[in-house]
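As a plain string of letters, each chain reads:
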Amino acid sequence: MSLRKRALLVLLASLAWGANAKAPPAASLRVAAHATVDALNASNDLRSLVSGSKTAAVVRAQILLDRAWFSAGEVDGRFSTNMQHTVTAFQEAHGLKPSGRVDAATWTALKEDTAPAFTVYTVSADDVSGPYAPTPADMMERAKLKSLPYESIGEALAERFHMSPKLLRDLNPGALVAGREIVVADVAGAAPVAIPGKAVSIRIDKSQRMLFLINTQARSIAGFPISIGGPLDPLPLGKMKITTEVKNPSFTYDPILLKDAKPGSVKAEIAPGPNNPVGNMWLGLSKPHWGIHGTPRPERLGREETNGCIHLTNWDAQRLATLAKVGFVVDVRE
């Protein structure tokens, strides 16, 4: 069996995330990163690009969607509900039949981006040194800290490459040490991801749990999965405006405003950092105390209820802020 075929089999084994999945054999774990990247970049199985699939082709499609500014959230190899909504949004934006399935026409449109979806990255000494520190579960304990950095090198690298930590581990078993070459999602492609155009407003679809950037022709040019408030803190229909933009924000924890505050908690300021409750970007809204912001738990997007605010991944919040400015209308629809 060729090294390329062995590499693909290693990945497919690692993507068998069911309860009965077995770890790849030790010999397979030593397959060269470059050979694995070649095999992954050749993954092209249209049959697997449907809801519920967990394959290398799904990972590749997620990366291409991400580079097209239609994010499925974490690149994790799972064709989830988030990805189905994202594929539908991409299809509508590109004049394709909206099915939520990556059909032949959609795959062709995605592959107009010809840069490889995967690449090899060399772990640096700075990556290893961090700093890293655990994030306390209790807000009063977090308030004692001067910063809220990543908890581990795995978390830091996963977020840099828009990947789930599990996928990063599955593709790169073993220690992440300086000098090691690892397989990662090439979320930048051959060059920095091109800005999709000029946006003039934001639309939020509550039923789809998606946020869209809208251009002057009332067409969406980018889409991101979001979490929103539940019955206790519902996101109101209608229009608001962006009033502030803050990079690397601190977070004012006020138990009076939060339905899930623990007894005995007091108002406190939580230091900035990627594991701050509002992530690394805050776009304040005209509704008091509400905002669009990042989250330290990207794996929960679209699957949890918030305390009213609109959550995106940290990287999507940063990208959103490159186009969305103070004064933008945010139109919330059912």
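Look up: the structure comes first, before these words.
Attention here is on the structure that accompanies the text. In this text the structure is predicted, and so the values were computed from the model without any measurement.

### Notes on the overall build of the protein chain
Across its full length, the protein chain holds ten helices and 14 strands. Counting only residues that meet the buried cut, the protein chain has 52% of its 334 residues in that class. By sequence separation, contacts in the protein chain at least 24 residues apart represent 62% of the contacts at least 6 residues apart. Carbon together with sulfur atoms contributes 55% to the accessible area of the protein chain, which is approximately 15,300 Å² in total.

### Section: unusual backbone geometry
Going from Gly 130 to Pro 131, the amide bond is cis rather than trans, its omega being 10 degrees. Inspection of the secondary structure puts Pro 131 in the loop between helix H6 (125-129) and helix H7 (139-142). Positive phi is not limited to glycine here, since Arg 209 has a value of about 55 degrees. The residue Ala 218 is not glycine, and still its phi comes out positive at about 65 degrees. Along the polypeptide, Ala 218 turns up in the loop between strand E4 (210-214) and strand E5 (220-225).

### So, helix H10 (residues 314-323)
Most of H10 is tucked away: eight of the ten residues are buried. Where H10 is concerned, the buried positions are Asn 314, Trp 315, Asp 316, Ala 317, Arg 319, Leu 320, Ala 321 and Leu 323.

### A look at the pairing of strand E10 (residues 281-285)
Burial analysis of E10 places five of its five residues in the buried class, which makes it a mostly covered element. Neither face of E10 is open: one carries Met 281, Leu 283 and Leu 285, the other Trp 282 and Gly 284, and all of them are buried. Pairing of E10 with strand E11 (residues 291-293), which is carried by three bridges, proceeds in the antiparallel orientation. Within E11, the residue paired with Trp 282 across the bridge is His 293. The antiparallel hairpin formed by E10 and E11 contains five residues in its connecting segment, where His 289 sits at a positive phi of about 75 degrees.

### Structural notes on the nonpolar core
A general trend in soluble globular proteins is that nonpolar side chains are found buried together. Ranked by internal contacts, the top residues of the largest apolar core, which has 29 residues, are Ile 202, Ile 204, Leu 211, Leu 213, Ile 292, Ile 310 and Leu 320. When contributions to this core are tallied by element, the ones reaching two or more residues are strand E3 (201-205), E4, E5, strand E7 (238-247), E10, H10 and strand E14 (329-333). With four residues, H10 is the single largest residue contributor to this core. When residues no more than four places from it in sequence are discounted, the contact partners of Leu 213 are Ala 199, Ser 201, Ile 202, Arg 219, Ser 220, Ile 221, Ala 222, Phe 224, Leu 320, Leu 323 and Ala 324. Val 37, Ala 117, Ala 158 and Met 163 belong to the second-largest nonpolar core, a separate cluster that totals 25 residues.

### Re the sheet that holds E10
The mixed open sheet is built from eight strands, whose spatial order is E5-E4-E3-E14-E7-E10-E11-E13. Single-partner strands in this sheet number two, and they are E5 and strand E13 (310-311). Bridge analysis of E3 against E14 gives five bridges, and the strand direction is parallel. Paired with Ile 204 across the strands is Val 332, a residue of E14. Where helix H4 (residues 81-93) meets the sheet, it contacts E4 and E5, and its direction lies at approximately 20 degrees from that of E4.

### Details of the packing of aromatic side chains
Considering all chains together, one arrives at two aromatic pairs under this definition. Taking NZ or CZ as reference, Arg 319 lies 5.5 Å from the ring centre of Trp 69, over its face.

### Description of the side chain of Ser 43
Tracing the chain through its elements places Ser 43 in the loop between helix H2 (33-41) and helix H3 (56-67). Judged by its relative accessible area of 8%, Ser 43 falls in the buried class.

### A closer look at the environment of Ala 271
With respect to the helices and strands, the residue Ala 271 is situated in the loop between strand E9 (268-270) and E10. Taking the relative accessible area as the measure of exposure, Ala 271 reaches 10% and is therefore buried. Sequence separation between Ala 271 and Pro 249 is 22 residues; the distance between their C-alpha atoms is 7.8 Å. Contacts of Ala 271, omitting those with residues within four sequence positions, involve Leu 145, Lys 146, Ser 147, Leu 148, Ser 250 and Asn 276.

Each value, and the rule that gives it
Residues numbered from 1 in each chain as written. Predicted model: local features only at pLDDT ≥ 70, side-chain atom pairs only at ≥ 80, totals over all residues. Heavy atoms only, no water. Helix = DSSP H or I, 4+ residues; strand = E, 2+ residues; numbered from the N terminus. Buried < 20%, exposed > 50% of the residue type's maximum accessible area, 1.4 Å probe, protein only. Contact = heavy atoms within 4.5 Å. Areas by Shrake-Rupley, 256 points an atom, 1.4 Å probe, with all protein chains shown as cover. Pairing = 2+ DSSP bridges. Core = buried A, V, L, I, M, F, W, Y, C linked by side-chain atoms within 4.5 Å. Axes fitted to C-alpha atoms, helices over the stretch in contact; angles between N-to-C directions. Phe/Tyr/Trp six-rings, centres within 6.5 Å; stacked < 30°, edge-to-face > 60°. Lys NZ or Arg CZ within 6 Å of the ring centre and 35° of its normal.

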